[in-house]
Structure formats: structure tokens, C-alpha cells
Amino acid sequence: MTVLSLLRARKPPDFADWFRPGGDYLLRIAEGMGFPTGDLPGLLDEAEAAMRAGRTGEDVAPAVNRLIAADLYADATFGLPFLEWTPVWYELGLAAPTAYAGWRLDRIADQYAATIDHVSRPRFSRPGDVVRRGKPAVSFVSGFTDRFAFADAILHLEWFEYVAGECGIGVQPGLIEEARSQIVGYYAGDLAVEDLDPTVRRLQYLLFTDDEWVRTVNERYDLNSSLLSVWERVCRRERERFGGASV
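This is a predicted model, so every value here is computed, not measured.

## Things to note about the overall build of the protein
Looking only at helices and strands, the protein has 9 helices and 2 strands in total. Starting at the N terminus, the α and β elements of the protein follow one another as α-α-α-α-β-β-α-α-α-α-α. A globule of 247 residues ought to have a C-alpha radius of gyration of about 18 Å, and the protein, at 18 Å, matches this closely. Counting only residues that meet the buried cut, the protein has 51% of its 247 residues in that class. As presented, the protein carries roughly 10800 Å² of accessible surface, and 51% of it is formed by carbon and sulfur atoms. Distance between charge centres in the protein, computed from 27 positive and 37 negative side chains, equals 5 Å.

## Some remarks on the pattern of salt bridges
According to the stated counting rule, one finds 22 salt bridges in the structure shown. A salt bridge links Arg-236 to Asp-211, with the nearest nitrogen and oxygen atoms 4.0 Å apart. Of the two residues, Arg-236 sits in helix α9 (residues 226-242) while Asp-211 sits in helix α8 (residues 210-220), which places them 25 residues apart along the sequence. A relative accessible area of 27% means that Arg-236 is categorised as partly exposed. We note a salt bridge from Arg-241 to Glu-238, for which the minimum N-O separation is 3.2 Å. Highlighted residues: Arg-241 and Glu-238, both in helix α9, separated by 3 residues, approximately one helical turn. What makes Glu-238 buried here is its relative accessible area of 0%. Counted as one network, the salt bridges with shared partners bring together Asp-17, Arg-20, Asp-24, Asp-45, Glu-48, Arg-52 and Arg-220.

## Re helix α3 (residues 62-84)
With 23 residues, α3 extends 34 Å from end C-alpha to end C-alpha; this agrees with the ideal 33 Å at 1.5 Å per step. Along its length, α3 reaches its greatest deviation from straightness, about 35°, at Phe-78, and the proline Pro-81 lies no more than four positions downstream. In terms of residue burial, α3 counts as a mostly covered element, since 17 of its 23 residues are buried.

## Here's the deal with the nonpolar core
Counting residues in each nonpolar core, the largest one holds 83 residues, and the members touching the most others are Phe-150 and Tyr-187. In terms of residue count, the dominant contributor to this core is helix α5 (residues 144-166) (13 residues). In this view, Tyr-187 contacts Phe-140, Val-141, Ala-149, Phe-150, Ala-153, Phe-208, Glu-238 and Phe-242; residues no more than four positions away in its chain are not counted.

## Considering the packing of helix α7 (residues 198-207) against α9
Helix packing for two helices is described by the angle between their axes and how far apart those axes are. In the contact formed by α7 and α9, the axes pass within 8 Å of each other and the chain directions differ by 155°. Judged by the angle between their axes, α7 and α9 are roughly antiparallel. Seen from above, α7 lies across α9 with left-handed handedness. Listed contacts from α9 to Arg-201, Gln-204 and Tyr-205 of α7 are Arg-239, Arg-241 and Phe-242.

## Here's the deal with the side chain of Asp-71
Inspection of the secondary structure assignment puts Asp-71 in helix α3. Buried charge without a salt bridge: Asp-71, with Arg-20 as the nearest opposite-charge side chain at an N-O distance of 9.5 Å. Filtering out sequence-adjacent residues up to four positions away, Asp-71 remains in contact with Phe-19, Gly-22, Gly-23, Trp-159 and Val-163.

## Quick word on α8
Within the sequence span of α8, burial applies to Asp-210, Asp-211, Trp-213, Val-214, Val-217 and Asn-218. The buried residues of α8 occupy an angular sector of 160° when projected down its axis, which confines them to one face. Against the buried residues of α8 lie α1 (12-33), α3, α5, α7 and α9. Downstream of α8 by one or two residues, Asp-222 has phi in the positive range, about 50°.

## With respect to the environment of Val-130
With respect to the secondary-structure elements, Val-130 resides in the loop between α4 (88-113) and β1 (131-132). Along the primary structure Val-130 and Asp-210 are separated by 80 residues, whereas in three dimensions their C-alpha atoms are 22 Å apart. Excluding residues within four positions of it along the chain, Val-130 makes contact with Trp-85, Ser-125, Lys-135, Pro-136, Ala-137, Phe-150, Ile-154, Arg-180 and Val-184.

Reading guide: rules and limits
- Residues numbered from 1 in each chain as written.
- Predicted model: local features only at pLDDT ≥ 70, side-chain atom pairs only at ≥ 80, totals over all residues.
- Heavy atoms only, no water.
- Helix = DSSP H or I, 4+ residues; strand = E, 2+ residues; numbered from the N terminus.
- Rg over C-alpha atoms; globule rule 2.2 N^0.38 Å.
- Buried < 20%, exposed > 50% of the residue type's maximum accessible area, 1.4 Å probe, protein only.
- Areas by Shrake-Rupley, 256 points an atom, 1.4 Å probe, with all protein chains shown as cover.
- Lys, Arg positive; Asp, Glu negative; His and termini not counted.
- Charge placed at Lys NZ, Arg CZ, Asp CG, Glu CD.
- Salt bridge = Lys/Arg side-chain N within 4 Å of Asp/Glu carboxyl O.
- Expected span 1.5 Å × (residues − 1).
- Bend = angle between axes of the 7 residues up to and from the residue.
- Core = buried A, V, L, I, M, F, W, Y, C linked by side-chain atoms within 4.5 Å.
- Contact = heavy atoms within 4.5 Å.
- Axes fitted to C-alpha atoms, helices over the stretch in contact; angles between N-to-C directions.
- Parallel < 35°, antiparallel > 145°, perpendicular 65-115°, else oblique.
- Left-handed = near helix turned anticlockwise from the far one by under 90°.
- Arc of directions from axis to C-beta.

From the geometry alone we can't say anything about function, so treat these as descriptive.
What follows is the structure, given as C-alpha cells:
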């Protein structure tokens, strides 16, 4: 199989193995930062069970519906903005399948959002939205791997902010904004890892455990995807950079 095989997934049970690693990622970050998580571990189990059984809407508890919808909406929206941070040859090659996969995820998320009073839709930054010294910060980053890492550093921070907010996870006030500012400074070359606030550094370390998400999806769907393997290696490299005695 290749990553394109995921495009054949159409029903909630097909996406249970996609949802669970994302839910575990959310929990890992929140617990690692000491944020209040409520009954998130139990909700993750309920959500996975509901998806595997094909239960949606009124057959699922509201909190579970919200968790699934937020996770899948975030994943559905993530792909195209992320590609804009990468070289044109990479973006053009993956734009169409990424858009279609996002549409599929949206359709599943819609089934869980249908009975919720309100669930917002995320918005992820494009390169022009992140400015340093009066110009797009990505212009200070050269090379495919480093641009890929910078994109992930910004967008997975926004992914967490959105999903955590929808699911009621208590994030320390002001942390996301400060983390964003310092991480942009780091990738733009203005700050070293040692200059980062320890809390920001730990948050980014945990966010880069999305290498585990990538590896798990690759394994659960038996994809053997070289693309996902590259993504996993980049994330692991960055996680190790942000690791250390202070983390």
C-alpha cells in the first residue's frame, strides 16, 4: 500500500485508526504539560469504540462527538496550509491528494458535529501570516528539511491550541502566544534552544512527539510510506533538539 490508499477510506470505522493516534497525541501533550484534562482518557476510549462500531450523532455522547469532530476537523484543515510552507515541487505533487483526504476527513467529522450546539473550524497559518523583521519568517529558513520542521513547529502548535480549546483542556493563559513568538525567533535564527523559556521548550518538545503519530498511522494502515518515514525522521530530529535536561 501507499499513502494514497487512505483515500479509499469512507466510513467512521475506516478512520478509527487515524483518530486514535491524534487523540493520544493530544493527551500526551496535555499531561506532559500538566494541563487539566478532565475525563479525556475515558473519552478517547469511548470515541474509538464509537467509531469502530460506526456510531455517530445522537448515538454518541456530546463530549465524545466534540472530541472526534475537533480532532478530524483539525487534521482535515492542516494539510493544505502546511504544504504552502514547503517547496513548490513538493506542494504541487501532494496538493490534490491532500485536498481530497481533507474532504474525506471533513465528511466524517460532520457526522459527529451534527448534534453539537457549536463547534468552530480551525484556521492554520500560511507563510505570509508569520512575520519576522518585517518579512515572512520562512524566508530566514533554507533547505527542505528545515522548512518542513518550521512549518510543523508552527502548525502543530495551532493544532493543539484549537483541539485543546474545543475539548476544554485548560492551557496556561498566554502560553500559546509566547511559544509562537519564541519558536519563530528560534527558526529565524534570533534565538538558540538554550534561550527558550523552559515551559516553551517543553511544549515544543512534546509537540514534536507527532513522530509517534506518523509512525503509528504508517503501521496501523500498513502503508510502508517513504513520505511518512521522512516526516517521522524530521519530527524525531526536532524533538531531540528540544530535549535535554531542562525538559
